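A look at the structure
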Amino acid sequence: MGEESCCAAEQKDDCCRKEKVRTMLKVFLDVFFIFPLILLVVTIILIRNSVKKLRNYQECTGTIIRFFKTTSPVRVDIHHRYGISPVIAYQVHGKSYEFIGNYYSSWMKVDQEIQVMYHAEDPTQVTVKKGLYVAPLVTGGLTLAFTSAFFVLMLLGSKGILVV
């Protein structure tokens, strides 16, 4: 009788362990389902804003006149300890403007020409043209990666490979 109760206790422990693993797997799958949905919404908003700017903004050529470095020490990449943004000068109908760019890349240099887009009714609303594409590409790529992983996990689960 003592041996039977020991087996029953081992089966209970095994069952509890399997239930914990199933619960963790469900949470993991939920994350791989919810996170891509959030990223998809963000990507759609970013694409919509970029398309809106492409329709309502005019394109012109600006010149990088210097670089602006933030005072707060933030690791931007392996080379820069501070946030760096280009200061870009551009002209609209003969009037000169300057703005701190919303996009930075290591290939940017002082006196380099760069395409900017400004709002037709308010030339002070301006953005670096290349910056329009970066955020939607990043969030879209992450959405695709997480969605692919979710479907692979679901497929493995339906084939019984992930069943614990």
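In this report, the structure presented in the accompanying data block is examined. (Residues numbered from 1 in each chain as written. Predicted model: local features only at pLDDT ≥ 70, side-chain atom pairs only at ≥ 80, totals over all residues. Heavy atoms only, no water.)

**Thoughts on the overall build of the protein chain**
A count of helices and strands for the protein chain gives 2 helices and 5 strands. In the protein chain, the succession of α and β elements from N to C terminus is α-β-β-β-β-β-α. Put simply, of all contacts in the protein chain between residues at least 6 apart along the chain, 62% involve residues at least 24 apart. Split by element, the accessible area of the protein chain, about 11,500 Å² in all, is 63% carbon and sulfur. (Helix = DSSP H or I, 4+ residues; strand = E, 2+ residues; numbered from the N terminus. Contact = heavy atoms within 4.5 Å. Areas by Shrake-Rupley, 256 points an atom, 1.4 Å probe, with all protein chains shown as cover.)

**Brief notes about the side chain of S85**
Along the polypeptide, S85 turns up in strand β2 (residues 82–92). Each residue touching S85, except ones within four places of it in the same chain, is listed here: R66, F67, F68, I100 and G101.

**Things to note about the environment of M108**
With respect to the helices, strands and loops of the structure, M108 is situated in the loop between β3 (95–100) and β4 (113–119). The buried category is assigned to M108, whose relative accessible area is 3%. The sequence separation of M108 and I64 amounts to 44 residues, and the corresponding C-alpha distance is 7.9 Å. (Buried < 20%, exposed > 50% of the residue type's maximum accessible area, 1.4 Å probe, protein only.)

**Some thoughts on the side chain of S50**
With respect to the helices and strands, S50 occurs in helix α1 (residues 2–56). Judged by relative accessible area, S50 falls into the buried class, the value being 10%. Residue contacts for S50: discarding those within four places in its chain leaves L132 and P136.

**A word on a nonpolar patch on the surface**
A cluster of nonpolar residues, F33, I34, L37, I38, L40, V42 and I44, forms a patch on the protein surface that exposes about 610 Å² of accessible area. Within the fold, F33 resides in helix α1. (Patch = residues over 30% accessible without salt bridge, like charges linked within 9 Å, V, L, I, M, F, W, Y side chains within 5 Å. Salt bridge = Lys/Arg side-chain N within 4 Å of Asp/Glu carboxyl O.)

**Looking at the pattern of salt bridges**
Scanning the entire structure with this criterion turns up 2 salt bridges. Across the pair K129 and E59 runs a salt bridge whose closest N-O atoms are separated by 2.9 Å. Of this pair, K129 sits in the loop between β5 (126–128) and α2 (131–158) while E59 sits in strand β1 (residues 57–73), and the two are 70 residues apart along the sequence. On the accessibility criterion, K129 (22% relative accessible area) is partly exposed. Take E59: its relative accessible area is 41%, and that puts it in the partly exposed class.

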